Amino acid sequence: MAKARAAGLLKARWPVALLGLAGFALLLLGRLAPGPTGSFRASVTDLAAPVLQLMAVPARHVASGIDGLAALGDLRRENERLSAENAVLLDWYREAERLRAENRALRDLTRLRPRPEAQMVSARVIVDPGGAFVDSLLIDAGAADGVAKGQAVLVGAGLVGQVVETGAHSARVLLITDLSSRVPVRLRESRATAVLAGRNDRRPALRYLPEGVEPAPGELVLTSGLGGLFPPDLPIARVTGRLGDEIRVEPLAGLSRLEAVMVVDYGLSGDVAAAEPAPAPAPAAAESTE
Amino acid sequence: MTPPRDMGRRRRPGLPALLPGATLLGLLAVALVPGAVPGAARIAPFLPLSAVYFWSLHRPALLPSWAAFLAGLLQDILSGGPLGLFALLYLAAAELVTVQRRFLTEAPFSLIWAGFALLALLLAAVAWLLSGLALGALVPPGRLAAAAGLTAALYPVISWGLSALYRRAGAGT
C-alpha cells in the first residue's frame, strides 16, 4: 500500500525531477560553455532591463529620501566643508591645466605617442544583487551606447570593475571584489607590481608581490597598465594590512552602494592575449608586403 | 499576529490567483534593485525564498513548483550568478514544503518559522556547495550565512504582509 502510494507520488513528480535535471544541466552548461550561456543571459537581461529601470526609480527616491533626512541636520556644515574643498580643488584644477600644457609641450619634444582620448559613457546601476556568489552590477547602458566588453568602469574615487557582458541597452560589470576578478596593479610608493585579486568579500587581496615587499597600511594601489586591460595609474584601493597570510586592500570606491558609474573606453584592446608582444616580423618580410 | 493557516478553501479566479506570482516577482525585484530597501543587498539572495515557502505552504495550488523554478532562473539571469542555482533551490524548497505540508499547516506559527529558518540555512549550505561546482571555487560562506539568517529573521514580517495582501485581495476567510 505504502509502496503503491510512493510509486504514485513518484509518477506525479516526474515533471519536477525533469526540472531538477534541467537545473543541474544549466549549472554545468554555465561552467562548460560560458560563452553561449552568457549571451543568452545578456538577451534576457536586455528584455528585463526597462522594467528594472522603472523599478529602480522609486527605489532610488526612497533611498535618497532616507539619506536626505539623515543629512538634513548637518547641511550647513556640509556646505562649508564643500566650499572649502571647492577652493582647494580649483587650485588643483589650475595646476592640472598648467601641467597639461607642459605635458603636451614635452610630448611634442619627445614625440611620445599620445594616449588615445578616453571616451566616457555614464550609466545608472539597475541591479545590484548583493554578491554572495558573484559581485557584479547591471547598468543601463549597452552596446548601443558604445559600451563594450573589457572597458573600465569607474566612479569618482577610483576603479570599480570591468564590463564583462553587453546587451543592446544593458551591460554587466564585474566588480574588482569578485572572486574571478584580477587586476594588474602597482603600489604607489614602492612601485612594486602585484595582482589585485577579488575574494567575494569587501577586501580584495594583493597577490604575487615581489619577495620582501611589505606594503604599509594606507599605501595607495594603482593600476599598473600591464596586460593592457586598464590604463596605468588609475587609483583602485588602499592597503589595509595583513590578514592571515594575505595583504588585503580596501577599494576606494564604496562598492556596496553604487548608483551611477562611468564606463570608460581608453581605446585599449581589453584582451590580455592581444596585448602580449607579438613576434616581430622580419624587416625584410615587412618590406616585401609593401 | 495571527498566523495564516490554510487560507480559504474556496478558489476564486482573478486577483488572488495572481498574487503568489506577483509577490514572488516583487520580492525578487526588491532583492535585485539597488537601494530599494536599506540594507536589502545583505538579504538579497534569499528574500524571494520567503514567498516560495509561504505560498507553497498556504496556497500550493497557486504557486506550482515550476513557477518557483522559473522565478529562480530569472534571479540567476538577472543577478549574474551561476545559471540554474536559484532555480534548483526554489524548486527544492517548493517540493520540500509540499512534502511537509500536512505537518506544517497544523503547526503553530513558531514551528512554521523554525521550519523556514531551517530551510533557509539548509539551502544556503546547498547553494554554497553548488556554486563551488559552478564557479570552480568556493565563495566565503559568511555572506551566504548572513543572508539566510537575516531572511529567516524577517520571515514573520513578510508572512504577515503576504497574508494581509491575500486577505485584501478578497480571498481570505
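Fair warning: this is a prediction, and the values are worked out from it, not measured in the lab.

Draft legend 1. The arrangement of unusual backbone geometry in detail. Residue and element names in this part refer to chain A. Unlike most non-glycine residues, Asn 200 shows phi in positive territory, near 60 degrees. Mapped onto the elements, Asn 200 comes out in the loop between strand 7 (193-197) and strand 8 (205-207). At Tyr 208, a position not held by glycine, the phi torsion is positive, near 60 degrees. Residue position: Tyr 208 is located in the loop between strand 8 and strand 9 (220-223).

Draft legend 2. Spatial organisation of the packing of helix 6 (residues 109-135) of chain B against helix 7 (residues 141-168) of chain B. Residue and element names in this part refer to chain B. Between helix 6 and helix 7, the least distance of the axes is 9 Å, while the angle of their chain directions is 155 degrees. In terms of orientation, helix 6 lies roughly antiparallel with respect to helix 7. When you trace helix 6 past helix 7, the crossing you get is right-handed. Of the residues in helix 7, those in contact with Phe 109, Ile 112, Trp 113, Phe 116, Ala 117, Ala 120, Leu 121, Ala 124 and Trp 128 of helix 6 are Pro 141, Leu 144, Ala 148, Thr 151, Ala 152, Ala 153, Tyr 155, Pro 156 and Ser 159. Of the residues that constitute the contact of helix 6 with helix 7, the class distribution is 16 nonpolar, 2 polar and no charged.

Draft legend 3. Looking closely at the sheet that holds strand 3 (residues 152-155) of chain A. Residue and element names in this part refer to chain A. As summarised here, the arrangement of the 6 strands in space is 1-2-5-4-3-12, forming a closed barrel in which the pairing is antiparallel. Neighbour-to-neighbour, the strand axes of the sheet open up by a mean angle of 45 degrees, direction not taken into account. Bridge count between strand 2 (residues 136-139) and strand 5 (residues 171-175): 4 bridges; the pairing is antiparallel. Among the inter-strand pairings, Leu 138 is bridged to a residue of strand 5, identified as Arg 172.

Draft legend 4. Representation of the interface of chain B and chain A within the structure. At the interface, 43 residues of chain B touch 41 residues of chain A. Summing the contributions of chain B and of chain A, the shared interface buries around 3600 Å²; its carbon and sulfur component is 73%. Considering only the side of chain B, the residues that lose the most area to chain A are Leu 78, Leu 83 and Arg 143 of chain B, jointly responsible for 20% of the buried surface there. Counting every contact that joins chain B to chain A gives 0 salt bridges. Applying the counting criterion to the chain B and chain A interface returns 7 residue pairs in polar contact (both at pLDDT 80 or more). Taken together, the elements giving at least two residues each to the side of chain B that touches chain A come down to helix 1 (15-32), helix 4 (65-79), helix 5 (85-106), helix 6 and helix 7 of chain B. Here the element with the most residues in the side of chain B that touches chain A is helix 4 of chain B; it accounts for 8 residues.

Thresholds applied
Residues numbered from 1 in each chain as written. Chains lettered and ligands numbered in written order. Predicted model: local features only at pLDDT ≥ 70, side-chain atom pairs only at ≥ 80, totals over all residues. Heavy atoms only, no water. Helix = DSSP H or I, 4+ residues; strand = E, 2+ residues; numbered from the N terminus. Axes fitted to C-alpha atoms, helices over the stretch in contact; angles between N-to-C directions. Parallel < 35°, antiparallel > 145°, perpendicular 65-115°, else oblique. Left-handed = near helix turned anticlockwise from the far one by under 90°. Contact = heavy atoms within 4.5 Å. Nonpolar A, V, L, I, M, F, W, Y, C, P; charged D, E, K, R; others polar. Pairing = 2+ DSSP bridges. Buried area = accessible area lost by both parts, 1.4 Å probe. Salt bridge = Lys/Arg side-chain N within 4 Å of Asp/Glu carboxyl O. Polar contact = N/O pair within 3.5 Å; in protein donor to acceptor, adjacent residues only side chain to side chain.

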